[in-house]
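# Commentary on secondary and tertiary structure
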Amino acid sequence: MTSKPQFVYIAFDVFPSQKGAATHIDHCLKALQRAFSSGLLICLGNDEMPTFQYDTERNLYVYRFKKKIRNFLKRTQAFQKAITEMLQHELTTEVKLVHYRDVWGGLAVINAKRDFRTVFEVNALSHLELPNRYPNCSLAVLLKIKKLEESCLSKSTTIITPSPITKQFIIKTFGTNSDKITVIPNGVTIYKTKPIVDTLKASYILYFGAFQKWQGIKTLFKAFKELHDLDLRLMLCASVPEKRITVYQELAHNIGIHDRIDWFYELDKTELAQKIKAAFITVAPLAACDRNIIQGCNPLKILESMSYGTPVVASRLPVIEYLIADNKTGFLVPPDRPQILGRRIRRLYEQPEVVKEVGHTAQKIIEEKYLWEDQEIKMKKLYLNLEYV
């Protein structure tokens, strides 16, 4: 007989998917599986995914919220209502722990008035994230969301975040006790790839992942325009469908680089790994904005690139300097400066041995500190150390 869930994991994200968020969800679930016998995942889903299912391999119940509500805030409210109903269901009477990724899941949890322990996983804070996606979002709405985040932070049993910059932001902004926050960085899984022919290594530079404004794609495009005389192509591997990228395809046309770009969409992990390993370098030109500087982040793309011995040219921001030592495990440039980025790539193109050496050093750092197996052990320890009723 299938046992009732002992934990609930809540994510206002589609799962599974090729996005970085889904990767993190997957490894949190693995850590929870090590700590508890069975669980429940509440997440978003698309039309092709079942609303309800039982994953026998994970001993995991899955409920996907699939209502199509155009207004974002109304959609989050409907999501919260669905969580509340699920937490009142007979299925969840034995739940000991609830882990949630954002305020949209957290509000329903802290209002449930149950004795379970709660983990608030802070990868980003919505009052800073939403203006990037919805520029017309009013200050009043953002301040209200900030108050809701403060409530979730204060009422959660413990907090985890992948970045020490984010931890400091939470302490400074919300007055949260430092001891309540644990930093557990993102990790990588190294997939088997085919051997790379050295003569192919310098044929393209690679950007992969999401295409939000704060990723600095426009800076990358302008920098690449400066490299028109080099035998280099730009490969872009988007973690989302092509229909979500049309604005960037138009931007590439306007800048005049569209004929030197190769586009790929929603590649699986092994396909993407092969392209990372074969790239000359990868780029992470994060913009200098509040989201990246004040709040912080822990870019998975940087760790993944380093894990295959392909060094990253990235923006010199505190969140990046936490991961990359300039000229040792990667290369740093000022943010939002396309000409400087272009010149740095040009110099590296002329120094393939430097690129190779830095890539090798970066790979060793990943193997020592950033494998997902190690991060899962840290998460399991955190889960088990909570005092349960």
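Predicted model only: the values in this text are computed from it and were never measured.

Turning to the overall build of the chain, a few remarks are in order. Along the backbone of the chain there are 15 helices and 14 strands. Relative to a compact globule of 389 residues, whose C-alpha radius of gyration would be 21 Å, the chain shows 21 Å and is just as compact. Across its three principal axes, the chain shows a C-alpha extent of roughly 65 × 45 × 40 Å. Considering the chain as a whole, with its 389 residues, one finds that 53% of them fall into the buried category. Long-range pairs, those at least 24 residues apart, make up 70% of the contacts in the chain with a sequence separation of at least 6. Surface accessibility of the chain: about 18300 Å² in total, with carbon and sulfur atoms responsible for 51%. Distance between charge centroids for the chain: 4 Å, based on 55 positive and 41 negative side chains.

Bringing the packing of helix α4 (residues 126-133) against helix α5 (residues 139-155) into the picture now. Relative to each other, α4 and α5 sit at 145 degrees, their axes nearing to 8 Å. In this structure, α4 uses Ser126, His127, Leu130 and Pro131 to contact α5, whose residues at the interface are Leu142, Ile145, Lys146 and Glu149. Within the contact of α4 with α5, the residues separate by chemical class into four nonpolar, two polar and two charged.

With that settled, the discussion passes to the packing of aromatic side chains. As enumerated under the stated definition, the model contains 14 aromatic pairs in all. Measuring from centroid to centroid gives 5.9 Å for phenylalanine 12 and phenylalanine 72, while their planes differ by 85 degrees, and the two rings are edge-to-face. One end of the pair, phenylalanine 12, is in strand β1 (residues 7-14); the other, phenylalanine 72, is in helix α2 (residues 72-87), and 60 residues separate them in sequence. Each member of the pair, phenylalanine 12 together with phenylalanine 72, is buried. Residues tyrosine 54 and tyrosine 61 carry aromatic rings whose centres are separated by 4.8 Å and whose planes lie at 65 degrees to one another, so their mutual orientation is edge-to-face. The exposure class assigned to tyrosine 61 is buried, which follows from its relative accessible area of 17%. Three or more aromatic residues link up through ring pairs in this structure, and these residues are Phe12, Phe65, Phe72, Phe79, Trp104 and Tyr134. Arginine 260 extends its terminal NZ or CZ atom over the ring of phenylalanine 224, reaching a point 4.0 Å from the ring centre. Over the aromatic face of phenylalanine 264 sits the side chain of lysine 275, whose NZ or CZ is 4.2 Å from the ring centroid.

Right, let's talk about the sheet that holds strand β4 (residues 60-65) for a bit. If you trace the eight strands from one edge of the open sheet to the other, you get β3-β4-β2-β1-β5-β6-β7-β8, paired in mixed fashion. This sheet does not close on itself; its edge strands, each paired only once, are β3 (52-55) and β8 (181-183). Taking the axes of each pair of neighbouring strands and ignoring which way they run, one obtains an average angle of 20 degrees across the sheet. Judged from the four bridges that link them, strand β5 (residues 97-100) and strand β6 (residues 117-121) form a sheet pairing that is parallel. By the bridge assignment for β6, histidine 99 is matched with valine 119. Relative to β1, α2 is tilted by about 160 degrees, and along the sheet it contacts β1, β2 (39-44), β3 and β4.

Attention now moves to the environment of glutamine 375. Here glutamine 375 lies in helix α15 (residues 372-385). In this structure, the C-alpha to C-alpha distance between glutamine 375 and isoleucine 145, residues 230 residues apart in sequence, is 30 Å. Ignoring any residue separated from it by four or fewer positions in sequence, one finds glutamine 375 in contact with Ile184, Pro185, Asn186, Gly187, Lys369 and Tyr370.

In this section: the pairing of β2. The buried fraction of β2 amounts to six of the six residues, a majority that puts the element mostly inside the structure. Both β1 and β2 contribute to a ladder of five bridges, which runs parallel. Looking across to β2, one finds that tyrosine 9 is bridged to leucine 41. Handedness of the crossover joining β1 and β2 through helix α1 (residues 20-35): right-handed. In terms of strand pairing, β2 meets β4 through six bridges, oriented parallel. Looking across to β4, one finds that isoleucine 42 is bridged to tyrosine 63.

Our next topic: the state of the cysteines. All told, the structure shown has zero disulfides when counted by the stated rule. Free of any disulfide, cysteine 289 has its nearest cysteine sulfur in cysteine 297, 8.5 Å distant.

Read from one edge to the other, the open sheet built from six strands follows the order β11-β10-β9-β12-β13-β14, with strand pairing classed as parallel. Each edge of the open sheet carries a strand with a single partner, namely β11 (261-265) and β14 (331-333). Going across the sheet, the axis of each strand differs from the next one's by a mean of 25 degrees, ignoring polarity. With six bridges joining them, strand β9 (residues 204-209) and strand β10 (residues 233-238) adopt parallel strand pairing. The partner of leucine 206 across the bridge, within β10, is methionine 235. Along the sheet face, helix α9 (residues 269-278) touches β9, β10 and β11 and points at about 145 degrees away from the line of β9.

Rules behind the numbers
- Residues numbered from 1 in each chain as written.
- Predicted model: local features only at pLDDT ≥ 70, side-chain atom pairs only at ≥ 80, totals over all residues.
- Heavy atoms only, no water.
- Helix = DSSP H or I, 4+ residues; strand = E, 2+ residues; numbered from the N terminus.
- Rg over C-alpha atoms; globule rule 2.2 N^0.38 Å.
- Buried < 20%, exposed > 50% of the residue type's maximum accessible area, 1.4 Å probe, protein only.
- Contact = heavy atoms within 4.5 Å.
- Areas by Shrake-Rupley, 256 points an atom, 1.4 Å probe, with all protein chains shown as cover.
- Lys, Arg positive; Asp, Glu negative; His and termini not counted.
- Charge placed at Lys NZ, Arg CZ, Asp CG, Glu CD.
- Axes fitted to C-alpha atoms, helices over the stretch in contact; angles between N-to-C directions.
- Nonpolar A, V, L, I, M, F, W, Y, C, P; charged D, E, K, R; others polar.
- Phe/Tyr/Trp six-rings, centres within 6.5 Å; stacked < 30°, edge-to-face > 60°.
- Lys NZ or Arg CZ within 6 Å of the ring centre and 35° of its normal.
- Pairing = 2+ DSSP bridges.
- Right-handed = clockwise from strand over helix to strand, strands pointing away.
- Disulfide = S-S within 2.5 Å.

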